[in-house]
Amino acid sequence: MPERNMERYSRQILFQPIGKQGQERLLTSRVAVIGQGALGTVIADHLARAGVGSLTLVDRDFVELSNLQRQTLFDEEDARNRLPKAIAATQKLARVNSEIEIHPVIADVTPRNVEELIAGADLVMDATDNLETRLLLNDACLKAGIPWIYGGAIGSSGVVMSIVPGSTPCLRCLIDEPPPPGALPSCDTVGVLNATTAVVASIQTAEALKLLTGHAPAAGVLYLDVWEGTFDRMPLERRPDCPACAQGQYEYLAGQRIAWTTVLCGRNAVQIVPPDERGISLEELERRLRPIGRVTYNGFLLSLEVDGRELVIFPNGRAIIKGTTDEAEARTLYARYVGT
Ligand SMILES: [Zn+2]
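Worth saying up front: this structure is predicted, and the values here are computed from it rather than measured. (Residues numbered from 1 in each chain as written. Predicted model: local features only at pLDDT ≥ 70, side-chain atom pairs only at ≥ 80, totals over all residues. Heavy atoms only, no water.)

Asker: Explain the overall build of the protein to me, please; I cannot follow it from the model alone.
Answerer: Helix and strand counts for the protein come out as 12 helices and 14 strands. Taking 2.2 N^0.38 as the reference for a compact globule, 340 residues should give roughly 20 Å; the C-alpha atoms of the protein span a radius of gyration of 20 Å, in line with that estimate. C-alpha extents for the protein along the principal axes are approximately 65 × 50 × 40 Å. Considering only intrachain contacts with a sequence separation of at least 6, the fraction spanning at least 24 residues in the protein is 66%. A distance of 2 Å separates the average location of the 34 positive side-chain charges in the protein from that of its 42 negative side-chain charges. (Helix = DSSP H or I, 4+ residues; strand = E, 2+ residues; numbered from the N terminus. Rg over C-alpha atoms; globule rule 2.2 N^0.38 Å. Contact = heavy atoms within 4.5 Å. Lys, Arg positive; Asp, Glu negative; His and termini not counted. Charge placed at Lys NZ, Arg CZ, Asp CG, Glu CD.)

This is how it looks when you write it as structure tokens:
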């Protein structure tokens, strides 16, 4: 670790609730940012610049042109190269702050790996795009006793809630059961403004800086709308019958509620996670698939274009099937070209 130059943090140190002592705490803090999309890139950028000493950036996806409207760490070259978001974000932030450690992880967060991904973290930042993964993070963080900060954004509206195990209500105190598919508006149907994601991520960052420097989080749940210009903080009590924080039943972590095939929000694509982590040789797959369709391999992931669809395959066997939202069709294509 190179010698740290505190001058770069001078404006933050002048802010009295942080001060020099708070800055020193930030520099020895470890934060896991789950997701490197619209919320995750802004959060990671802020935390790196604020001098959080160790960041783990987790994302399952690669950069595409439609991300650039709001995912502030990426550029056109990243999209052309289809770099994994965790890698592209790490490369950018290494140029922003070379004095901190940044660990990129290309992975989908599942019940199998979530505990390992957050192990050792002082704080977990939710920058995911679906409720199932958030409820999984809720279980894992409660079990490990790690605070986490929920953030969501859609259209012009957003939500932020800080969760401290043993102290505040948890996400299942707020939402017991995710609504059935299609019941809620999604970025598929209503889109999202960069102003919304930037504000939500910034409020999550402020909560992170507070918690990491020993301050209490804001209580309750913040609902905001950047188009209407409204901010409303609603009180929330712990539910005495909450399965997660009251009864210690971690149903999402136990994998009882996670689907392995996921229709990706706004992408006309389906993700498939095989039931077991399998190591796939993408070089070998490239040779096998070359006669079948257009194949490209960039060292991180392999793409096959065939039948008007595109399969993007990762080394652990995970795949994103583009051009369809039909889960059964996606499973068929996966079985046909990748194997079962
Ligand atoms: Zn709860």
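Asker: Teacher, can you tell me more about the pattern of salt bridges here?
Answerer: One side chain can pair with another of opposite charge once the charged atoms of both are near each other. A complete count under the given rule lists 21 salt bridges for this structure. Between Lys-322 and Glu-64 there is a salt bridge, and its shortest N-O distance comes to 2.4 Å. Note that Lys-322 is positioned in strand 14 (residues 319-322) and Glu-64 in the loop between strand 2 (54-59) and helix 4 (76-81), a separation of 258 residues in sequence. Assigned by exposure class, Lys-322 and Glu-64 land together as buried. (Salt bridge = Lys/Arg side-chain N within 4 Å of Asp/Glu carboxyl O. Buried < 20%, exposed > 50% of the residue type's maximum accessible area, 1.4 Å probe, protein only.)

Asker: Before we go on, may I ask you to explain helix 2 (residues 19-27) in this structure?
Answerer: An α-helical turn contains 3.6 residues, so a residue and the one three or four places further along point in the same direction. Listing the buried residues of helix 2 in full gives Gly-19, Gly-22, Gln-23, Leu-26 and Leu-27. One side of helix 2 holds all its buried residues, which, seen down the axis, span an arc of 140°. Facing away from the buried side of helix 2, by more than 90 degrees, are the exposed residues Lys-20 and Gln-21. Tucked inside the fold, the buried residues of helix 2 contact helix 1 (10-14), helix 3 (38-50) and helix 10 (194-212). (Arc of directions from axis to C-beta.)

Asker: Quick question: what am I supposed to make of the coordination of the zinc ion here?
Answerer: Where a metal carries four tetrahedral donors, each ideal angle is 109.5 degrees; where it carries six octahedral donors, the ideal angles are 90 or 180 degrees. The zinc ion binds to the protein through Cys-170 (SG), Cys-173 (SG), Cys-242 (SG) and Cys-245 (SG); the donor distances cover 2.2 to 2.3 Å. Taken together, the 4 donor atoms coordinating the zinc ion span angles of 96 to 124° at the metal, a pattern that classifies the geometry as tetrahedral. Considered as a linear motif, the donors of the zinc ion on their single chain read C-x2-C-x68-C-x2-C. Taken together, the positions of Cys-173 in helix 8 (residues 171-174) and Cys-245 in the loop between strand 8 (230-234) and strand 9 (261-264) put the pair 72 residues apart, joining distant regions of the chain. Take Cys-173: its relative accessible area is 7%, and that puts it in the buried class. Since its relative accessible area comes to 16%, Cys-245 is described here as buried. (Donors = N, O, S within 2.8 Å, 3.2 Å for Na, K, Ca; no water. Tetrahedral: all angles 85-135°; square planar, octahedral: opposite > 155°, others 65-115°.)

Asker: Mind showing me how you'd approach the domain arrangement of the protein here?
Answerer: Many analyses report the size of an interface as the accessible area lost when the parts associate. Split into domains, the protein comes out as domain 1 (6-234) and domain 2 (261-337). Taken together, the contact between domain 1 and domain 2 spans 16 residues of the former and 20 residues of the latter. Taken as a group, Arg-60, Arg-82 and Arg-112 account for 36% of the area that domain 1 buries against domain 2, more than any other trio of residues on that side. Counting across the interface, domain 1 meets domain 2 through 4 salt bridges. At the boundary of domain 1 with domain 2, the tally comes to 7 residue pairs in polar contact (both at pLDDT 80 or more). Split into classes, the residues belonging to the side of domain 1 that touches domain 2 amount to 6 nonpolar, 2 polar and 8 charged. (Domains from an automatic or database assignment. Buried area = accessible area lost by both parts, 1.4 Å probe. Polar contact = N/O pair within 3.5 Å; in protein donor to acceptor, adjacent residues only side chain to side chain. Nonpolar A, V, L, I, M, F, W, Y, C, P; charged D, E, K, R; others polar.)

Asker: Looking at this model, I keep getting lost on helix 3. Mind explaining?
Answerer: The terminal C-alpha atoms of helix 3, which comprises 13 residues, lie 19 Å apart, in line with the 18 Å expected from a rise of 1.5 Å per residue. With 11 of its 13 residues buried, helix 3 lies for the most part within the structure. Once helix 3 ends, the next one or two residues include Gly-51, with phi positive near 90°. (Expected span 1.5 Å × (residues − 1).)

Asker: Sorry, what's going on with the side chain of Thr-197 here?
Answerer: Following the sequence through the fold, Thr-197 ends up in helix 10. Excluding its chain neighbours within four sequence positions, the residues that come into contact with Thr-197 are Ala-38, Leu-39, Arg-70, Ala-153 and Val-192.

Asker: So what exactly am I meant to see when it comes to unusual backbone geometry here?
Answerer: Residues other than glycine predominantly adopt negative phi, and peptide bonds predominantly adopt the trans conformation. For Arg-82, which is not glycine, the phi torsion reads 50° and is therefore positive. In this fold, Arg-82 is placed in the loop between helix 4 and helix 5 (85-96). At Asp-307, a residue that is not glycine, the phi angle is positive and equals roughly 55°. Relative to the elements of secondary structure, Asp-307 occurs in the loop between strand 12 (302-306) and strand 13 (309-313).

Asker: Can you help me understand the environment of Ala-335 in this one?
Answerer: Position of Ala-335 among the secondary structure elements: in helix 12 (residues 327-337). Exposure remark for Ala-335: the relative accessible area of 32% places this residue in the partly exposed category.

Asker: Explain the sheet that holds strand 11 (residues 294-297) to me, please; I cannot follow it from the model alone.
Answerer: Two modes of strand pairing occur in sheets, parallel and antiparallel, and in both the strands are linked by backbone hydrogen bonds. Sheet architecture is open: 6 strands sit in the order 9-10-14-13-12-11, paired in antiparallel fashion. Both outer strands of the open sheet, strand 9 and strand 11, are each paired with one neighbouring strand and no more. In this sheet, adjacent strand axes meet at a mean angle of 20° when their direction is disregarded. (Pairing = 2+ DSSP bridges. Axes fitted to C-alpha atoms, helices over the stretch in contact; angles between N-to-C directions.)

Asker: Before we go on, may I ask you to explain the packing of aromatic side chains in this structure?
Answerer: Centre distance and the angle of the planes are the two values used to describe a pair of aromatic rings. Taken as a whole and judged by the stated rule, the model has 1 aromatic pair. For the pair Trp-148 and Tyr-150, a centre-to-centre distance of 6.3 Å together with 50° between the ring planes defines the contact as tilted. Neither residue differs from the other here; Trp-148 and Tyr-150 are each classed as buried. When the ring centre of Phe-62 is taken as reference, the NZ or CZ atom of Arg-267 above it lies at 6.0 Å. Lying over the aromatic face of Phe-314, Arg-318 brings its terminal NZ or CZ to 3.9 Å of the ring centre. (Phe/Tyr/Trp six-rings, centres within 6.5 Å; stacked < 30°, edge-to-face > 60°. Lys NZ or Arg CZ within 6 Å of the ring centre and 35° of its normal.)

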